[in-house]
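A closer look at the structure
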Amino acid sequence: MQDFGMSMLWFWLCYILVTIVGIVHTIFNIYVLRMKPMDKNGMGEGYEKTKPWHPLYAIILFSFFGWLYIKGIPNPAITEALITGAIWAGMCIVFDVCVWVFIKHPWSLSFKEFYIAYQPWISLIYIAIFLGPVVGYLFCRGVLTP
(Lines give C-alpha, C1' and ligand atoms only; values in the text may rest on other atoms or scores of the structure.)
Protein backbone atom coordinates (compact mmCIF):
# COMPACT_ATOMS: atom_id res chain seq x y z
CA MET A 1 0.00 0.00 0.00
CA GLN A 2 1.49 3.31 -1.10
CA ASP A 3 -0.05 5.64 1.49
CA PHE A 4 -1.59 3.80 4.43
CA GLY A 5 -2.33 7.05 6.30
CA MET A 6 -4.40 8.56 3.48
CA SER A 7 -6.10 5.23 2.91
CA MET A 8 -7.19 5.17 6.54
CA LEU A 9 -8.32 8.80 6.42
CA TRP A 10 -10.59 8.10 3.42
CA PHE A 11 -11.79 4.79 4.91
CA TRP A 12 -12.81 6.26 8.29
CA LEU A 13 -14.42 9.35 6.77
CA CYS A 14 -16.45 7.10 4.49
CA TYR A 15 -17.35 4.65 7.26
CA ILE A 16 -18.64 7.51 9.41
CA LEU A 17 -20.53 9.03 6.46
CA VAL A 18 -22.18 5.70 5.55
CA THR A 19 -23.22 5.27 9.19
CA ILE A 20 -24.66 8.80 9.31
CA VAL A 21 -26.56 8.25 6.04
CA GLY A 22 -28.08 5.06 7.49
CA ILE A 23 -29.09 6.83 10.71
CA VAL A 24 -30.59 9.77 8.83
CA HIS A 25 -32.49 7.36 6.56
CA THR A 26 -33.87 5.58 9.63
CA ILE A 27 -34.87 8.87 11.27
CA PHE A 28 -36.54 9.96 8.01
CA ASN A 29 -38.51 6.71 7.91
CA ILE A 30 -39.67 7.12 11.51
CA TYR A 31 -40.52 10.82 11.57
CA VAL A 32 -41.53 11.58 7.99
CA LEU A 33 -42.90 8.25 6.75
CA ARG A 34 -44.30 7.39 10.21
CA MET A 35 -42.74 3.93 10.41
CA LYS A 36 -42.43 2.20 13.76
CA PRO A 37 -39.28 3.03 15.76
CA MET A 38 -37.03 0.71 17.74
CA ASP A 39 -38.64 -1.02 20.72
CA LYS A 40 -37.83 -3.84 23.13
CA ASN A 41 -38.59 -6.38 20.39
CA GLY A 42 -36.19 -5.11 17.76
CA MET A 43 -34.73 -2.29 15.74
CA GLY A 44 -38.11 -1.28 14.35
CA GLU A 45 -39.67 -0.90 10.94
CA GLY A 46 -37.94 2.45 10.34
CA TYR A 47 -34.55 0.72 10.44
CA GLU A 48 -35.60 -2.58 8.87
CA LYS A 49 -36.84 -0.80 5.73
CA THR A 50 -33.39 0.79 5.24
CA LYS A 51 -31.53 -2.54 5.03
CA PRO A 52 -31.83 -3.03 1.25
CA TRP A 53 -30.37 0.46 0.79
CA HIS A 54 -27.23 -0.19 2.87
CA PRO A 55 -25.25 -1.91 0.06
CA LEU A 56 -26.18 0.97 -2.25
CA TYR A 57 -24.84 3.56 0.22
CA ALA A 58 -21.69 1.46 0.54
CA ILE A 59 -20.94 0.99 -3.16
CA ILE A 60 -21.55 4.65 -4.00
CA LEU A 61 -19.68 6.16 -1.08
CA PHE A 62 -16.80 3.66 -0.84
CA SER A 63 -16.28 3.95 -4.60
CA PHE A 64 -16.11 7.74 -4.30
CA PHE A 65 -13.71 7.60 -1.36
CA GLY A 66 -11.73 4.84 -3.10
CA TRP A 67 -11.44 7.16 -6.08
CA LEU A 68 -10.22 9.97 -3.79
CA TYR A 69 -7.53 7.66 -2.42
CA ILE A 70 -6.46 6.19 -5.77
CA LYS A 71 -6.27 9.57 -7.53
CA GLY A 72 -4.05 10.87 -4.73
CA ILE A 73 -1.28 8.31 -5.17
CA PRO A 74 1.36 8.30 -7.90
CA ASN A 75 1.11 5.57 -10.53
CA PRO A 76 -1.82 3.62 -9.08
CA ALA A 77 -2.23 0.02 -10.16
CA ILE A 78 -5.13 -2.40 -9.89
CA THR A 79 -3.16 -4.33 -7.24
CA GLU A 80 -3.16 -1.18 -5.08
CA ALA A 81 -6.94 -0.99 -5.41
CA LEU A 82 -7.37 -4.69 -4.59
CA ILE A 83 -5.08 -4.48 -1.54
CA THR A 84 -6.83 -1.32 -0.35
CA GLY A 85 -10.24 -2.96 -0.81
CA ALA A 86 -9.14 -6.04 1.12
CA ILE A 87 -7.78 -3.92 3.98
CA TRP A 88 -10.91 -1.75 4.05
CA ALA A 89 -13.27 -4.73 4.07
CA GLY A 90 -11.19 -6.57 6.69
CA MET A 91 -11.05 -3.53 8.96
CA CYS A 92 -14.76 -3.01 8.58
CA ILE A 93 -15.56 -6.61 9.49
CA VAL A 94 -13.41 -6.44 12.65
CA PHE A 95 -14.64 -2.98 13.63
CA ASP A 96 -18.29 -3.91 13.02
CA VAL A 97 -18.17 -6.97 15.26
CA CYS A 98 -16.55 -4.92 18.02
CA VAL A 99 -18.84 -1.88 17.80
CA TRP A 100 -22.17 -3.39 16.72
CA VAL A 101 -21.99 -6.79 18.50
CA PHE A 102 -19.50 -6.89 21.39
CA ILE A 103 -20.02 -3.37 22.81
CA LYS A 104 -23.52 -3.23 24.25
CA HIS A 105 -25.60 -0.11 23.47
CA PRO A 106 -29.20 0.53 22.34
CA TRP A 107 -28.37 -0.22 18.69
CA SER A 108 -26.14 -3.25 19.29
CA LEU A 109 -27.16 -6.60 17.89
CA SER A 110 -26.33 -10.19 18.71
CA PHE A 111 -23.89 -12.04 16.47
CA LYS A 112 -26.84 -13.94 14.99
CA GLU A 113 -28.82 -10.74 14.33
CA PHE A 114 -25.84 -9.00 12.70
CA TYR A 115 -24.33 -11.82 10.65
CA ILE A 116 -27.24 -14.19 10.01
CA ALA A 117 -30.51 -12.23 10.11
CA TYR A 118 -28.89 -9.27 8.29
CA GLN A 119 -28.19 -11.44 5.23
CA PRO A 120 -27.82 -10.86 2.35
CA TRP A 121 -27.28 -7.17 3.13
CA ILE A 122 -24.19 -7.44 5.34
CA SER A 123 -22.39 -9.64 2.82
CA LEU A 124 -23.29 -7.25 0.00
CA ILE A 125 -22.01 -4.34 2.09
CA TYR A 126 -18.64 -6.02 2.66
CA ILE A 127 -18.37 -6.87 -1.05
CA ALA A 128 -19.20 -3.23 -1.89
CA ILE A 129 -16.51 -1.99 0.53
CA PHE A 130 -13.97 -4.35 -1.04
CA LEU A 131 -14.94 -3.20 -4.54
CA GLY A 132 -15.02 0.52 -3.65
CA PRO A 133 -11.31 1.21 -4.31
CA VAL A 134 -11.45 -1.01 -7.42
CA VAL A 135 -14.35 1.01 -8.84
CA GLY A 136 -12.47 4.17 -7.85
CA TYR A 137 -9.42 2.89 -9.74
CA LEU A 138 -11.52 2.14 -12.83
CA PHE A 139 -12.88 5.71 -12.75
CA CYS A 140 -9.34 7.09 -12.42
CA ARG A 141 -8.23 5.07 -15.41
CA GLY A 142 -11.23 6.16 -17.48
CA VAL A 143 -12.54 2.60 -17.79
CA LEU A 144 -15.76 3.75 -16.11
CA THR A 145 -17.22 7.16 -16.79
CA PRO A 146 -20.06 8.87 -14.94
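This text follows the structure it describes.
In this text the structure is predicted, and so the values were computed from the model without any measurement.

1. Here we look at the pattern of salt bridges
Pairing of side chains with opposite charge becomes possible as their charged atoms draw close. Considering all chains together, one arrives at one salt bridge under this definition. The residue Glu48 makes a salt bridge to Lys51 at a minimum N-O spacing of 2.8 Å.

2. Some words on the packing of aromatic side chains
The relation between two aromatic rings is expressed through the spacing of the ring centres and the mutual angle of the planes. Here the structure, examined in full by the defined rule, presents 14 aromatic pairs. Here the aromatic rings of Trp12 and Tyr15 are separated by 5.8 Å at their centres, their planes lie at 65 degrees, and the arrangement is edge-to-face. Taken together, the residues span about one helical turn, with Trp12 and Tyr15 both in helix 1 (residues 4-31) at a distance of three residues. A centroid spacing of 5.2 Å and a plane angle of 85 degrees characterise the contact between Tyr15 and Phe95, whose relative ring orientation is edge-to-face. You can see Tyr15 sitting in helix 1 and its partner Phe95 sitting in helix 4 (residues 78-102), a full 80 residues away along the chain. Using a relative accessible area of 8% as the deciding quantity, one classes Tyr15 as buried. Exposure remark for Phe95: the relative accessible area of 30% places this residue in the partly exposed category. Members of the aromatic cluster, joined through ring pairs, are Phe11, Trp12, Tyr15, Phe62, Trp88 and Phe95. A cation over a ring is seen here: Lys71 above Trp67, with NZ or CZ 5.1 Å from the ring centre.

3. Describing the nonpolar core
Ranked by internal contacts, the top residues of the largest apolar core, which has 35 residues, are Phe62, Phe114, Tyr126 and Ile129. Those elements that place two or more of their residues in this core are helix 1, helix 3 (54-71), helix 4, helix 5 (111-115) and helix 6 (121-140). Other than its neighbours up to four places away in sequence, Tyr126 contacts Ala89, Cys92, Ile93, Asp96, Phe114 and Tyr115.

4. Section: helix 1
With 28 residues, helix 1 extends 40 Å from end C-alpha to end C-alpha; this agrees with the ideal 40 Å at 1.5 Å per step. For helix 1, the full list of buried residues reads Ser7, Met8, Trp10, Phe11, Cys14, Tyr15, Val18, Gly22, His25, Thr26, Asn29 and Ile30.

5. Describing helix 4
An α-helical turn contains 3.6 residues, so a residue and the one three or four places further along point in the same direction. Look at helix 4: 35 Å from first C-alpha to last across 25 residues, which is about the 36 Å you get at 1.5 Å a residue. If you check which residues of helix 4 are buried, you get Glu80, Ala81, Thr84, Gly85, Trp88, Ala89, Cys92, Asp96, Val97, Trp100 and Val101. Check the buried side of helix 4 and you find it contacts helix 1, helix 3, helix 5 and helix 6.

6. Considerations on the packing of helix 3 against helix 4
Between helix 3 and helix 4, the least distance of the axes is 11 Å, while the angle of their chain directions is 130 degrees. With respect to helix 4, the axis of helix 3 lies oblique. Considering only the axes of helix 3 and helix 4, their crossing is right-handed. Residues Phe62, Phe65, Gly66, Tyr69 and Ile70 of helix 3 form the contact with helix 4, whose own contacting residues are Glu80, Ala81, Thr84 and Trp88. Its residues placed into classes, the contact of helix 3 with helix 4 shows six nonpolar, two polar and one charged.

Definitions and limits used
Residues numbered from 1 in each chain as written. Predicted model: local features only at pLDDT ≥ 70, side-chain atom pairs only at ≥ 80, totals over all residues. Heavy atoms only, no water. Salt bridge = Lys/Arg side-chain N within 4 Å of Asp/Glu carboxyl O. Phe/Tyr/Trp six-rings, centres within 6.5 Å; stacked < 30°, edge-to-face > 60°. Helix = DSSP H or I, 4+ residues; strand = E, 2+ residues; numbered from the N terminus. Buried < 20%, exposed > 50% of the residue type's maximum accessible area, 1.4 Å probe, protein only. Lys NZ or Arg CZ within 6 Å of the ring centre and 35° of its normal. Core = buried A, V, L, I, M, F, W, Y, C linked by side-chain atoms within 4.5 Å. Contact = heavy atoms within 4.5 Å. Expected span 1.5 Å × (residues − 1). Axes fitted to C-alpha atoms, helices over the stretch in contact; angles between N-to-C directions. Parallel < 35°, antiparallel > 145°, perpendicular 65-115°, else oblique. Left-handed = near helix turned anticlockwise from the far one by under 90°. Nonpolar A, V, L, I, M, F, W, Y, C, P; charged D, E, K, R; others polar.

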